[in-house]
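Here are the chains, one letter per residue:
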Amino acid sequence: MDYANVRSLEEAARAVLDPVHYDYFAGGAQDEITVAANEAAFARIGLVPRILRGAARPRLGTTVLGAEMSMPVMLSPTAFHKLAHPEAERATARAAAAAGVTMISAMLSTVAIEDIAAEARKAAPGGAEPSLWFQLYVQPDLGFTEAIVRRAEAAGCRALVVTVDSPALGRHERNDRNDFHDLPPGMRCENLRELPGEGLRDLGGRDSGHVRQVVLSPEISWDHIAWLRQISDLPIVLKGVLHPRDARLAVENGVDALLVSNHGGRQLDTTPATIDRLPIIAEAVQGQVPLLLDGGVRRGTDVIKALALGATATAIGRPAVWGLAAAGEAGVARVLDLLRNELDNALTLCGCASPQDVTAELLTTMEGPHQ
Ligand SMILES: Cc1cc2nc3c(=O)[nH]c(=O)nc-3n(C[C@H](O)[C@H](O)[C@H](O)COP(=O)(O)O)c2cc1C
Ligand SMILES: O=C(O)C(=O)c1ccccc1
């Protein structure tokens, strides 16, 4: 497979996807200022390598919340993989498990979490337990929310990633222009079956699994996080933290890790690039919980910059979707391979022996003059 970098997989994906579905995956909120900012901000950070350190070939592995990862890159949750490829989340899960990469499985997946977990188990090398986390949109219907948490636990998910940047859905003007608001016939959110939805009650639950049944509620609060803590022993990760006061509140509320994210620019437009928010969040939490970052990670050098600014690991959203659309499981595997090779090369060139060896001394701004 002849893809030189993540960008070429996006091009391949664009060539095969229905343009309406490409727009859904690629797009963001309103003017897409944040979508562009996430990638642009990485390009404004310079790397200054150290020399002659005899660091040898780097080890890439790391551990987050007890999960062993073959590299500090995870898969962020993305909805609706069946729009990208018929094997959908099954293919994504196999590629991630085979690569020793943690997959955060989206609540709005088009394959049920039990089936995703089964695929991951089949693909994990040497029968190892694959690393699968579950992304949750807390539903005002706590009975449903508890039921889906139990399903995730029973399926073997080892953390709950609670998305907290979505008290409402962002305004996706591409989807409006394309009149894309629902999955095509034959595709369902398989985790939502049995969820009674507004306006669907007359169907008596038989015709369930529609995305419009999910509630992105502005009434979700810290009380719900406390409630989740009560009902589950799984570590809780908050996804979508951008304000240092919220980072502090999260630590005080017993949250186990933070995922610094602006939802890939798909929620509130004009939120700053995540990499630019990372230092202030790191300052706020003072190492009390691990920090993860997503948004615009496309290169091994991006991963190094995030590590240098305080992240324990990074995550990718769209790149995995591009790989899936371009070539199914092999395409996702190729994306992970590319990032692994780029990270290995960049760590070596920086004189670092491991991700843990990366510090802020490697960083400067691209604009000179430098001090
Ligand atoms: C097509 C698509 C679907 C997404 N679906 C979800 C979702 O269901 N839940 C969620 O928490 N985040 C979702 N996200 C956000 C990602 O988890 C992640 O924050 C973002 O994609 C990272 O930015 P990147 O795409 O630049 O890597 C989605 C993103 C995309 C592109
Ligand atoms: O597309 C998204 O980013 C996403 O998170 C979502 C939320 C609600 C319905 C469908 C997708």
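Predicted model only: the values in this text are computed from it and were never measured.

Undergrad: Give me the lowdown on the site of ligand 2, citing residues and values where you can.
TA: Residues in close proximity to ligand 2 include Tyr24, Phe80, Leu108, Tyr137, Leu169, Val211, His263 and Arg266, which together make up its full environment. Separating an oxygen atom of ligand 2 from a side-chain N or O atom of Tyr24 is a distance of 2.8 Å. A distance of 2.6 Å is found between an oxygen atom of ligand 2 and a side-chain nitrogen or oxygen belonging to Tyr137. Residues of the shell around ligand 2, tallied by class, amount to 6 nonpolar, 1 polar and 1 charged.

Undergrad: Lay out the pairing of strand β11 (residues 313–316) with the relevant residues and their values.
TA: When a strand is regular, its side chains alternate between the sheet's two faces. The alternating pattern of β11 places Ala313 and Ala315 and Thr314 and Ile316 on opposite faces, both of which are buried. Bridge count for strand β4 (residues 73–75) against β11 is 3 bridges, and the pairing is parallel. Following the sheet pairing, Val73 is matched in β11 by Thr314. In terms of strand pairing, strand β10 (residues 291–294) meets β11 through 3 bridges, oriented parallel. Looking at β11, one finds that Leu293 is bridged to Thr314.

Undergrad: Which residues make up the pattern of salt bridges, and what values do they have?
TA: By the definition in use, this model includes 23 salt bridges. Notably, a salt bridge pairs Arg57 with Asp344, separated by 2.8 Å at the nearest N-O pair. Taken together, the residues Arg57 in the loop between β1 (45–47) and β2 (62–64) and Asp344 in helix α12 (residues 318–350) connect sequence positions 287 residues apart. Judged by its relative accessible area of 14%, Asp344 is buried. A salt bridge links Glu114 to Arg151; the nearest nitrogen and oxygen atoms lie 2.8 Å apart. Linking Glu114 in helix α5 (residues 113–123) with Arg151 in helix α6 (residues 142–155), this pair joins segments that are 37 residues apart in sequence.

Rules used in this analysis
Residues numbered from 1 in each chain as written. Chains lettered and ligands numbered in written order. Predicted model: local features only at pLDDT ≥ 70, side-chain atom pairs only at ≥ 80, totals over all residues. Heavy atoms only, no water. Near = heavy atom within 4 Å. Polar contact = N/O pair within 3.5 Å; in protein donor to acceptor, adjacent residues only side chain to side chain. Nonpolar A, V, L, I, M, F, W, Y, C, P; charged D, E, K, R; others polar. Buried < 20%, exposed > 50% of the residue type's maximum accessible area, 1.4 Å probe, protein only. Helix = DSSP H or I, 4+ residues; strand = E, 2+ residues; numbered from the N terminus. Pairing = 2+ DSSP bridges. Salt bridge = Lys/Arg side-chain N within 4 Å of Asp/Glu carboxyl O.

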